[in-house]
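Coordinate inspection notes
Now for the letters of each chain:
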Amino acid sequence: MADRTRSAELFERACQVIPGGVNSPVRSFRSVGGHPYFVARGEGAYVWDADGNRLLDFVQSYGASILGHAHPAVVRAVGDAAARGTTFGAPTEGEVLLAEAICARVEGCDQVRLVSSGTEAAMSAIRVARGFTGRSRIVKFAGCYHGHSDGLLAGGGSGVATLGLPDSAGVPAQAVADTVVAPYNLVPDLDDRVACVIVEAVAANMGLVPPVDGFLEGLRVACDAVGALLVFDEVITGFRLGEGGASGWSGVRPDLWCFGKVIGGGLPVGAFGGRADVLSVLAPSGAVYQAGTLSGNPLATAAGLAVLHELDTGSYAALSARVASFAASLQDVLNGALATAGRVDDRGRPLVALVPVVGPLFGLFFAPMGSGPVRDYGGAVASADTGVYAAFFRAMLARGVALAPGPYEVAFPSMAHGEPELEHTLDVASEAIADALAG
Ligand SMILES: *Cc1c(COP(=O)(O)O)cnc(C)c1O
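Residues numbered from 1 in each chain as written. Predicted model: local features only at pLDDT ≥ 70, side-chain atom pairs only at ≥ 80, totals over all residues. Heavy atoms only, no water.

Looking only at helices and strands, the protein chain features 13 helices and 16 strands. A globule of 439 residues ought to have a C-alpha radius of gyration of about 22 Å, and the protein chain, at 21 Å, matches this closely. Its C-alpha atoms put the protein chain at 60 × 55 × 45 Å along the principal axes. Out of the 439 residues belonging to the protein chain, those deemed buried represent 55%. As presented, the protein chain carries roughly 18100 Å² of accessible surface, and 54% of it is formed by carbon and sulfur atoms. (Helix = DSSP H or I, 4+ residues; strand = E, 2+ residues; numbered from the N terminus. Rg over C-alpha atoms; globule rule 2.2 N^0.38 Å. Buried < 20%, exposed > 50% of the residue type's maximum accessible area, 1.4 Å probe, protein only. Areas by Shrake-Rupley, 256 points an atom, 1.4 Å probe, with all protein chains shown as cover.)

As structure tokens, then:
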């Protein structure tokens, strides 16, 4: 076992001065046991923890690092930008360049406004949709995550369309009274009270759940029929599935997009954008207020631009091909071990491993046999409830491979994850799953 004394000490100190010891709950090890490793530095596909252990990192800041850690082009861009001053409160050229780079890659996205997080991007897109349509109601899908603003913190746990009940304490019922939660992969009935439908076009916050044929197309038609706007939350999928994100991947064009993660190159960034006529409601041109002291921050725009310049169709295709072949092998390895161990769930059903892939993203479900591919939040919960993920996670981490410490996250192989890293992961996985099932 790797020595994690220093991480343990840091976590103990963190718990004194930071609620729960972490600044975002996904970093906690609550659902997998133990305490988080503290990262001292990263390079490419790897991080080193505070005790000097090297970990092959599939977390990659939950998708914010697509080039791998400390990519030289990003380090240089951030350093140069910092030397020129970190924030001014007046427009900078970097904002124009990043907005141009985004709009050039995403067909139909005429304009973007930069913010500092994905949460702000989704919150602001909703406000724009309400301002543009003059309507209040929004529709989201169970299992989709759109940041932690009050009105969007509903429907982590609901499998049926319900008029919003808050999922988090501290969110007043009124704040989600206009939020309708519908099951993913079913086109909901809409009416002319709906301002917008917001969706992760490829869901990546309940494990990886691709849209079924016709779902996104159906949403487009349903929105158009009642004059509602369609919002794609591409905070994960944007510039991740390919240059055109999920809208390019699916061919379905929303009215508004939310971006984050990749476009900040590891610095705090978000963006929302879309049709120019819709965005014209924003202040200072229009009556919908939205603002930010650090929005379009010079360091963040420099990092984001450096990242987008490193990526092209070929690099996405190569990574996606590597991951597709790896994922198929991983699924075989895991299923071999599950069959050998004869592992069943608490209702006596044999368990199977499902490793869905979309572009360079992959997910991991340990599901009851016969349930088919996971299509919605209910399926994701059923897989998480089998408890195998947590044991597998611990066995992988003990062998130096870091997955996300929770069964609802996806894996984010970066451009720095080459054949050797993926092959090594397979070798480790075959030992780890045996260990996990024996325990
Ligand atoms: C991460 C995420 C967000 C929130 O972004 P933050 O930068 O964490 O605020 C919103 N939507 C989706 C789909 C995400 O994955």
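What follows picks up the thread again.
Of the voids in this model, the second largest pocket is the one considered here, and its volume is about 330 Å³. By residue class, the composition of the lining of the second largest pocket is seven nonpolar, nine polar and two charged. (1 Å grid on protein atoms, 1.4 Å probe; cavity = no way out; pocket = protein on both sides within 12 Å on 5 of 7 lines; lining within 4 Å. Points joined across faces, edges and corners; volume = space filled by probe spheres on them. Nonpolar A, V, L, I, M, F, W, Y, C, P; charged D, E, K, R; others polar.)

In this structure, strand E1 (residues 39-43) lies alongside strand E2 (residues 46-49), joined through four bridges in antiparallel fashion. In the strand pairing of E2, Gly42 is matched with Val47. Where E1 folds back onto E2 in an antiparallel hairpin, the turn is made up of two residues, including Gly44, whose phi is positive at roughly 60°. (Pairing = 2+ DSSP bridges.)

With that out of the way, let us pick up the side chain of Glu421. Relative to the assigned elements, Glu421 resides in helix H13 (residues 419-438). Apart from residues lying up to four places away in sequence, Glu421 is in contact with Ala45, Tyr46, Leu56 and Ala416. (Contact = heavy atoms within 4.5 Å.)

Before going further, it helps to spend a moment on the nonpolar core. Nonpolar side chains in soluble globular proteins generally cluster together in the buried interior. Ile102, Phe259, Phe366 and Phe392 are the most contacted members of the largest nonpolar core, which has 125 residues in total. A domain split of this core shows at least three residues from each of domain 1 (5-66 + 312-438) and domain 2 (72-310). Apart from the residues within four sequence positions on either side, Ile102 is in contact with Val112, Leu114, Phe239, Phe259, Ile263, Ala271 and Leu308. (Core = buried A, V, L, I, M, F, W, Y, C linked by side-chain atoms within 4.5 Å. Domains from an automatic or database assignment.)

Here we come to the packing of helix H4 (residues 93-105) against helix H9 (residues 298-310). Two numbers describe how H4 lies on H9: the axes approach to 9 Å, and their chain directions differ by 35°. Crossing of H4 against H9: the hand is left-handed. Two secondary-structure elements touch here, H4 through Gly94, Glu95, Leu97, Leu98, Ala101, Ile102 and Arg105 and H9 through Thr301, Gly304, Leu305, Leu308 and His309. The class makeup of the residues in the contact of H4 with H9 is six nonpolar, four polar and two charged. (Axes fitted to C-alpha atoms, helices over the stretch in contact; angles between N-to-C directions. Left-handed = near helix turned anticlockwise from the far one by under 90°.)

Mapped onto the fold, Ile18 is located in the loop between helix H1 (5-17) and E1. Ile18 sits 259 residues away from Asp277 along the chain, and the two C-alpha atoms are 44 Å apart.

Take empty space enclosed by the protein next. On inspection of all chains with the given rule, the structure shows four cavities of 30 Å³ or more. In terms of lining, the largest cavity is formed by Phe362, Gly363, Leu364, Tyr389, Leu403, Ala404, Glu409, Val410 and Ala411. Its residues placed into classes, the lining of the largest cavity shows seven nonpolar, one polar and one charged.

Right, let's get into the confidence of the model for the protein chain. In this model, the protein chain carries a mean pLDDT of 95, and residues with pLDDT of at least 70 account for 97%. A low-confidence stretch, residues 157-163 stays under pLDDT 50, and its non-local contacts, those more than four residues away or across chains, total 18 contacts. (pLDDT = per-residue confidence, 0-100.)

Each assigned domain of the protein chain is listed here: domain 1 (5-66 + 312-438) and domain 2 (72-310). Computed over C-alpha atoms, the centres of domain 1 and domain 2 are 26 Å apart. Counting residues at the interface gives 28 residues for domain 1 and 29 residues for domain 2. Taken together, both faces of the contact between domain 1 and domain 2 bury some 2300 Å²; the carbon and sulfur share is 65%. The largest per-residue losses of area from domain 1 upon contact with domain 2 belong to Tyr316, Val358 and Tyr377, which jointly make up 27% of the total buried on that side. Put simply, domain 1 and domain 2 have zero salt bridges between them. For the pair domain 1 and domain 2, the number of links is seven residue pairs in polar contact (both at pLDDT 80 or more). Elements that contribute at least two residues to the side of domain 1 that touches domain 2 include exactly helix H2 (60-63), helix H10 (313-341), strand E13 (357-358), strand E14 (361-362) and helix H11 (377-384). Among the residues forming the side of domain 1 that touches domain 2, the class breakdown is 19 nonpolar, five polar and four charged. (Buried area = accessible area lost by both parts, 1.4 Å probe. Salt bridge = Lys/Arg side-chain N within 4 Å of Asp/Glu carboxyl O. Polar contact = N/O pair within 3.5 Å; in protein donor to acceptor, adjacent residues only side chain to side chain.)

Once that is clear, we can look at the pairing of strand E5 (residues 137-141). The buried count for E5 comes to five of five residues, which makes it a mostly enclosed element. What you see with E5 is no split at all: Arg137, Val139 and Phe141 on one side and Ile138 and Lys140 on the other are buried throughout. As paired strands, E5 and strand E8 (residues 194-199) are joined by three bridges and run parallel to one another. Paired with Arg137 across the bridge in E8 is Val194. In terms of strand pairing, E5 meets strand E7 (residues 179-182) through four bridges, oriented parallel.

What follows concerns the site of the ligand. All residues adjacent to the ligand are Ser117, Gly118, Thr119, Tyr145, His146, Gly147, Glu200, Asn205, Asp233, Val235, Ile236 and Lys261. The contact in question runs from a nitrogen atom of the ligand to an N or O atom on the backbone of Tyr145, over 3.2 Å. The side chain of Asp233 places a nitrogen or oxygen atom 2.7 Å from a nitrogen atom of the ligand. Across the complex, the protein chains shield 83% of the 380 Å² of accessible surface that the ligand would expose by itself. Per-class residue counts for the shell around the ligand are three nonpolar, six polar and three charged. (Near = heavy atom within 4 Å.)

So, about the sheet that holds strand E3 (residues 54-57). Within a sheet, adjacent strands bond to each other through the backbone by hydrogen bonds, running parallel or antiparallel. Ordered in space as E1-E2-E3-E16, the four strands form an open sheet in which the pairing is mixed. The sheet is open, and its two borders are formed by E1 and strand E16 (401-402), each paired with just one other strand. Across the sheet, H13 lies against E2, E3 and E16, angled at about 105° from E3, the strand it touches most.

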